[in-house]
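So you can see what is in the structure, the chains are spelled out below.
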Amino acid sequence: MLRKTLTEDSFYLNLGPQHPSTHGVLHLLLKLDGERILECKPLVGYSHRAHEHMGQNRTYLQFLPNTSRMDYLGGLCYNHAYCLAVEKACGIEVPERARYIRTVCAELNRISSHLLWFGAYLMDLGAFTPFLYAFDDREDILAILGEVTGSRLTYSYCRFGGVNRDLNQNFLDGTKAFIPKLRKRLKDYRTLVTKNIIFLNRTKGIGTVSAELARDWALTGPNLRACGVAYDLRRAEPYSIYPELEFEIPTATAGDCYDRYWVRMAEMEQSLRIVEQALGRLPEGPVKAAGVPQWIQPPAGDYHFSYESPRGHLGIYFVSDGGRVPLRMKWRTPSFSNLSILSEILPGTLVADTIAILGSIDVVIPEIDR
Amino acid sequence: MNAVVRYLRDVFSGAWSLAMGMSVTLRYMFKPVSTVQYPREAMPLPEVYRGHIELRRFAETGSHGCVACGECFRICPSGVIKVQGLKEEADRPNRAVFYFIDFSRCSLCGLCVEVCPESALAFSKVYEEVGVSRYSTVVDLIARLESQGA
Amino acid sequence: MSFLEDITPVLAQRFGVENLTAQDRARHGYDLRLALDQERLTELVGLLKEAGCYLEYITAVDQGQVLELLYFFGRYDQPPFRLQVKVAMPKGVAVPSLAGIIRAADWQEREVFDMFGQRFAGHPDLRRILLSEDADFHPLLKDFKPGPEHGGEVVNLERK
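Before going into details, it helps to say that this report is about the structure given with it. Quick caveat, the model's predicted, so the values are computed rather than measured.

Here we take up the interface of chain A and chain C. Facing 49 residues of chain A, the contacting portion of chain C comprises 50 residues. Both faces considered, chain A and chain C share a buried interface measuring about 4,300 Å² in area, 53% of it formed by carbon and sulfur atoms. If you sort the residues of chain A by the area they bury against chain C, Arg215, Asp216 and Phe336 of chain A come out on top, with a joint share of 16%. The interface formed by chain A and chain C includes nine salt bridges. Between aspartate 216 of chain A and lysine 49 of chain C there is a salt bridge whose closest N-O contact spans 3.8 Å. One can count 26 residue pairs in polar contact (both at pLDDT 80 or more) joining chain A with chain C.

What follows deals with the sheet that holds strand S2 (residues 32-35) of chain C. All names here are of chain C. Ordered in space as S1-S2-S5-S4-S3, the five strands form an open sheet in which the pairing is mixed. The outermost strands of the open sheet, each flanked by one partner alone, are strand S1 (20-22) and strand S3 (53-63). On average, each strand axis in the sheet is tilted by 20° relative to the strand beside it, whichever way the strands run. Summarising the sheet, S1 and S2 pair through three bridges and their orientation is antiparallel. Paired with alanine 22 across the two strands is leucine 32, which belongs to S2. Where helix H3 (residues 41-50) meets the sheet, its contacts fall on S2, S3, strand S4 (66-75) and strand S5 (82-90), and the angle it forms with S5 comes to roughly 170°. Against the sheet, helix H4 (residues 105-116) touches S3 and S4, its axis set at about 10° to S3.

Okay, the interface of chain A and chain B next. For an interface, size is often stated in terms of accessible area lost upon the parts coming together. Facing 31 residues of chain A, the contacting portion of chain B comprises 26 residues. Between chain A and chain B, the buried area comes to about 2,300 Å², and carbon and sulfur atoms account for 55% of it. At the boundary of chain A and chain B, one finds two salt bridges. Here aspartate 188 of chain A makes a salt bridge to arginine 27 of chain B, at a shortest N to O gap of 3.0 Å. Where chain A meets chain B, there are 15 residue pairs in polar contact (both at pLDDT 80 or more). Elements that contribute at least two residues to the side of chain A that touches chain B include exactly helix H2 (60-70), helix H5 (129-149), helix H6 (169-194) and helix H7 (197-203) of chain A. Looking at which element gives the most residues to the side of chain A that touches chain B, the answer is H5 of chain A, with eight residues. Class assignment of the residues belonging to the side of chain A that touches chain B gives a composition of nine nonpolar, twelve polar and ten charged.

Following the criterion strictly, the structure yields 48 salt bridges over all chains and no others. With a closest N to O distance of 2.7 Å, arginine 128 of chain C and aspartate 114 of chain C form a salt bridge. In this pair, arginine 128 of chain C sits in the segment after strand S7 (120-121) while aspartate 114 of chain C sits in helix H4, placing the two residues 14 residues apart along the sequence. The buried category is assigned to aspartate 114 of chain C, whose relative accessible area is 0%. Three or more residues are tied together by salt bridges with common partners; here these are Glu107, Arg110, Arg225, Asp232, Arg234, Glu267 and Glu308 of chain A.

So, how was this worked out
Residues numbered from 1 in each chain as written. Chains lettered and ligands numbered in written order. Predicted model: local features only at pLDDT ≥ 70, side-chain atom pairs only at ≥ 80, totals over all residues. Heavy atoms only, no water. Contact = heavy atoms within 4.5 Å. Buried area = accessible area lost by both parts, 1.4 Å probe. Salt bridge = Lys/Arg side-chain N within 4 Å of Asp/Glu carboxyl O. Polar contact = N/O pair within 3.5 Å; in protein donor to acceptor, adjacent residues only side chain to side chain. Pairing = 2+ DSSP bridges. Helix = DSSP H or I, 4+ residues; strand = E, 2+ residues; numbered from the N terminus. Axes fitted to C-alpha atoms, helices over the stretch in contact; angles between N-to-C directions. Nonpolar A, V, L, I, M, F, W, Y, C, P; charged D, E, K, R; others polar. Buried < 20%, exposed > 50% of the residue type's maximum accessible area, 1.4 Å probe, protein only.

Okay, here's the thing in structure tokens:
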């Protein structure tokens, strides 16, 4: 179908499915005229693992380990979202301490996700040093989270009605030491990257998305906030303890690669604030609600839950027939919508900018493919 | 004239930003190394590290405490556990005679450890397991416990 | 005055008050459900797009003979607003595509086609998106039984 339109001057380039800067098995079919892109077709699905189908064939608790495997960078956020969704449907009350612990862990996870994005993005743009610093910081978070969850990426830490295990002293000490350390590092990143002339020239004015375009393509998360829309589900549809916390929603105006970068960097500072506040007010008490049945059975009906994952609006929709296994389990993953905008903003840009734009959107391929 | 001034200013501020970035890198040159030379030294594992599961050895009996109730088998999301018990004495609970698990399909979620009523299961801290075929990932935990000696 | 209060009478007047159900947001996560006939879908979506909504996602639920298509619309706004549009019809009937109105619908409709085999009339490029091109099944239909030919061994299905 595409071949018929091929002229003498244009040709096709397959970027991926295995390419170091596609962040996983993403395949971009680019139609090029020299260096300029005429058309882009993102092809996804290479790492499809049928998570929705699995969700419909196992009980609610058994599906929990799957959730952190969809987005391997925000595994705890996905755990948290899934538990909140099921708890809301069943009307399970979560103890105060567990709510704080979950929020602290989810925000740490958000920082680690942004840090990995930061390192990988700069690596895409050709800067190797920030990658090493970012991974050093991320390693700290993984070690801290490993202290309570026992795992580094696929946490399976939240449970219906609370969390698996109480925080220990190592976690508290580690986090307290980590917050000032990362604050100092963020300053270094500003000097090293944000003001760097090469970085600015490669990102300013590249891949501009207007707010109207973002709405048409259902962009959410930092990509949307970079277009000037202050839409954050932690504020718009508050869940857990977010209404009690003070934090800002960083927004930018231009919607280009630089703004998307800036919003994420500012978000890390806000996440640090959240962690600091939540740890400061950490109440005493149980970490798991008593009397939550092992085979949970939400009342018949359909339930939607929205969560602000590191990449945007994570929507969980499930239909229960009153039994142990859901009738339908749908995950609206943010990267799926965020990636589709590539076919709109890539035409007209250069191949080198493709990498800059693709990286700035921050996609996690297993989350798209589910 | 204006264009020339702007051009020179861009060159100067660009060079300055690069010099500032370089100063950060130089500063880190004298900081301690943060990498660990893995095969020769290893990172300490956290107390609650979730490796693959193993049967705990109870000091009182010198053996495992599995009663083959099948809770872990029922809750396992991937269905990788197979356990069979035998009634050795009439007034005592069952005793597991084999406990097979396929590690290649285990997702280390830990639901089996949580659900065990006898607390007979625990996470091991082994993460350097090797095998010659995929069949070597199917392990009888009871035989493994016995081979480890008392 | 919230957007919900604004839009409810408009929807009730144009699409019939009997089709509109208010939902408990604290429990179900959305405010309104609108049961709709598929012919009026494009009209509704045009209205919602004018009103500043975005398409969150499209999904479907297999109810035996009937396939329920569910469209979720939200807004980048506070207080939050979420509308579920429910189009129920027999399997095999094509519904009008929204990809010409809201471009986010492009991939969402492809996913529904991929998973449920639902056809969307007027979609520019209705191909499989997540499964491979040569797949001959729609895995989220209830009569789909995974077997060894779909790759890998299937465990646990009898254990419900």
